[in-house]
Amino acid sequence: MLKTALAVTIAATISAVVMAEGKSDIKYTVPLNPEAWEIVGGKGLQSLEYMKRNALSFDKEGFHMALLKNYELENGIIEMDIAASSSGKWSFPGIVFRADDGGKNYECIYFRPDQSGKNTAVQYSPAYNGDVSWTMYNAPDYEGVAILPRAEWFHATFVISGTTAEIYINNSDEPVYTVKYLERGYGKGSIGLWTFGKGYFANIEVTKTASSTARTPFEPPAREYLSTWWLSEAIRHKHGASIESETAEALTSDKKGWRRIESDHKGLVNMFRFFERKNTVFAVTSISSEKIQEKEMLFDHSGRLAVYLNSEQVYSGEHKWGDADLGRMFDGRRLVKLSLKKGQNEL
């Protein structure tokens, strides 16, 4: 995953905002029956009574996800009662929507009751190829503040329209958090339950609303980014081979089969958009310089990263979940100095 900033030209097409309103469909009460759901991650979905309510539960530790069978949502309102478990280390219950490819790609919103009152209590993250890359999507754009009980029911309402989503807690008049731009864009797909750790869901209702062509305009980028990259195929690290030898082989190859990609509107390159979880990928871009000069490059990353300029290593580091910041990425947190030659420089 790469996120960089330098003086480069950015071309972007931004769709205008067009709103469409219409009448709602009839509210659908979702059955609290495990047979109505398809488990696509984890296990242990069960129906039970929990704190005096009929509920569905993933009553085990770990990651769990289930999609409602034979139901798709484009725009609409999803309501439910949610309870985090009082036991276990983690309990992050939430929902998915607009899921496709058998649940490999979806939008995800979940709650962290242990972070109640903080700007990390509500988390939004897109999922690509089955990976919710929450470390890349941080406050203020992708997380929000909410007051959430740890071992009590609370009512959550999700209003999905166009490329935005609003989250209301306990029938609040105003949303506690608004996703200004759903990163996977506009679409439709399955809805589902999602949790990391134990979680409980009751009184689930869905109301489809009229189709919307709403497209939230992108805010101007905070920096100018290196936005165009060529990606190799993802590979698994060869047993006994050094990273240095694999890198030298990749950088001296003719790069046939490499694909051209663009960073997103925030300069982020989430490798899971393009690959399932493997081990190593090489990304190359070109920097043009009118003279010999030194430039500062701001960036951040999640996981292991090595940076080479004109085949010389200028950075190597690992940023992981076990670190003090849990491996979270922030724009421009790291800096390296690049000694550019006149003409084209390969990064």
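Residues numbered from 1 in each chain as written. Predicted model: local features only at pLDDT ≥ 70, side-chain atom pairs only at ≥ 80, totals over all residues. Heavy atoms only, no water.

Section: the confidence of the model for the chain
- Looking at the chain as a whole, its pLDDT mean stands at 87, while 89% of the residues score no less than 70.
- This stretch, residues 1-23, has a pLDDT under 50; its non-local contacts, to residues over four places away or in other chains, come to 73 contacts. (pLDDT = per-residue confidence, 0-100. Contact = heavy atoms within 4.5 Å.)

Overview of the environment of methionine 80
- The residue methionine 80 is located in strand E7 (residues 76-84) in this model.
- As a C-alpha pair, methionine 80 and glycine 94 span 14 residues in sequence and 10.0 Å in three-dimensional space.
- If we ignore the near neighbours within four places in the chain, the residues touching methionine 80 are Ile95, Phe154, His155, Ala156, Leu193, Phe201, Ala202, Asn203 and Ile204. (Helix = DSSP H or I, 4+ residues; strand = E, 2+ residues; numbered from the N terminus.)

A few points about the nonpolar core
- Grouped together as the largest cluster of nonpolar side chains are 44 residues, with contacts concentrated most on Trp37, Ile78, Phe97, Ile109 and Phe111.
- The element that contributes the greatest number of residues to this core is strand E13 (residues 154-161), accounting for four residues.
- With sequence-adjacent residues up to four places away left out, tryptophan 37 is seen in contact with Val30, Pro31, Leu45, Leu56, Ala66, Leu67, Leu68, Lys69, Gly192, Leu193 and Ile204.
- With 20 residues, the next largest nonpolar core counts Ala234, Ile261, Phe275 and Leu340 among its residues. (Core = buried A, V, L, I, M, F, W, Y, C linked by side-chain atoms within 4.5 Å. Buried < 20%, exposed > 50% of the residue type's maximum accessible area, 1.4 Å probe, protein only.)

A word on the pairing of strand E10 (residues 122-128)
- The element E10 is extensively covered by neighbouring structure, given that seven of its seven residues are classed as buried.
- On E10, burial covers both faces: Val122, Tyr124, Pro126 and Tyr128 on one face and Gln123, Ser125 and Ala127 on the other are all buried.
- Pairing of strand E9 (residues 105-111) with E10, which is carried by six bridges, proceeds in the antiparallel orientation. Residue pairing in the sheet places tyrosine 106 in a bridge with alanine 127 of E10.
- Sheet topology note: the E10/strand E12 (residues 143-144) ladder contains two bridges and is antiparallel. Counterpart to glutamine 123 in the pairing with E12 is glutamate 143.
- Looking at chain direction, E10 and strand E11 (residues 131-132) are connected through two bridges and run antiparallel. (Pairing = 2+ DSSP bridges.)

Examining the packing of aromatic side chains
- Considering all chains together, one arrives at 14 aromatic pairs under this definition.
- Measuring from centroid to centroid gives 3.7 Å for tyrosine 50 and tyrosine 200, while their planes differ by 5°, and the two rings are stacked. Of this pair, tyrosine 50 sits in strand E4 (residues 45-50) while tyrosine 200 sits in strand E17 (residues 199-208); the two residues are 150 residues apart in sequence, bridging distant segments of the chain.
- Centre to centre, the rings of phenylalanine 274 and phenylalanine 275 are 6.5 Å apart; their planes meet at 65°, and the pair counts as edge-to-face.
- Judged by its relative accessible area of 8%, phenylalanine 275 is buried.
- Aromatic ring contacts, followed pair by pair, group Phe63, Trp90, Phe92, Tyr110, Trp194 and Phe196 into a single cluster.
- Cation over ring: arginine 112 sits above phenylalanine 92, and NZ or CZ is 5.9 Å from the ring centre.
- Between the NZ or CZ atom of lysine 208 and the centre of the ring of tyrosine 71, over which it lies, the distance is 4.8 Å. (Phe/Tyr/Trp six-rings, centres within 6.5 Å; stacked < 30°, edge-to-face > 60°. Lys NZ or Arg CZ within 6 Å of the ring centre and 35° of its normal.)

Some remarks on the sheet that holds strand E18 (residues 228-231)
- Taken in spatial order, the three strands of this open sheet run E19-E18-E20, and their pairing is antiparallel. Single-partner strands in this sheet number two, and they are strand E19 (259-262) and strand E20 (283-284).
- In terms of strand pairing, E18 meets E19 through four bridges, oriented antiparallel. Its bridge partner being in E19, leucine 231 is matched across the sheet by arginine 259.

Here's the deal with empty space enclosed by the protein
- Under the defined criterion, the tally for this structure stands at one cavity of 30 Å³ or more.
- Each pocket or cavity is described by its volume, and for the largest cavity that value is around 40 Å³.
- Along the walls of the largest cavity sit Trp37, Ile78, Met80, Ile95, Val96, Ile191, Gly192, Leu193 and Ile204, which together make up its complete lining.
- Only E7, strand E8 (91-100) and strand E16 (190-197) provide two or more residues apiece to the lining of the largest cavity.
- When residues of the lining of the largest cavity are assigned to their parent elements, the largest contribution, three residues, is made by E16.
- Tallied by class, the residues present in the lining of the largest cavity amount to eight nonpolar, one polar and no charged. (1 Å grid on protein atoms, 1.4 Å probe; cavity = no way out; pocket = protein on both sides within 12 Å on 5 of 7 lines; lining within 4 Å. Points joined across faces, edges and corners; volume = space filled by probe spheres on them. Nonpolar A, V, L, I, M, F, W, Y, C, P; charged D, E, K, R; others polar.)

Brief notes about the side chain of aspartate 300
- Mapped onto the secondary structure, aspartate 300 falls in strand E22 (residues 293-300).
- There is a polar contact of 2.8 Å between the side chain of aspartate 300 and the backbone nitrogen of phenylalanine 330.
- A polar contact is formed between the side chain of aspartate 300 and the side chain of arginine 333, at a distance of 3.2 Å. (Polar contact = N/O pair within 3.5 Å; in protein donor to acceptor, adjacent residues only side chain to side chain.)

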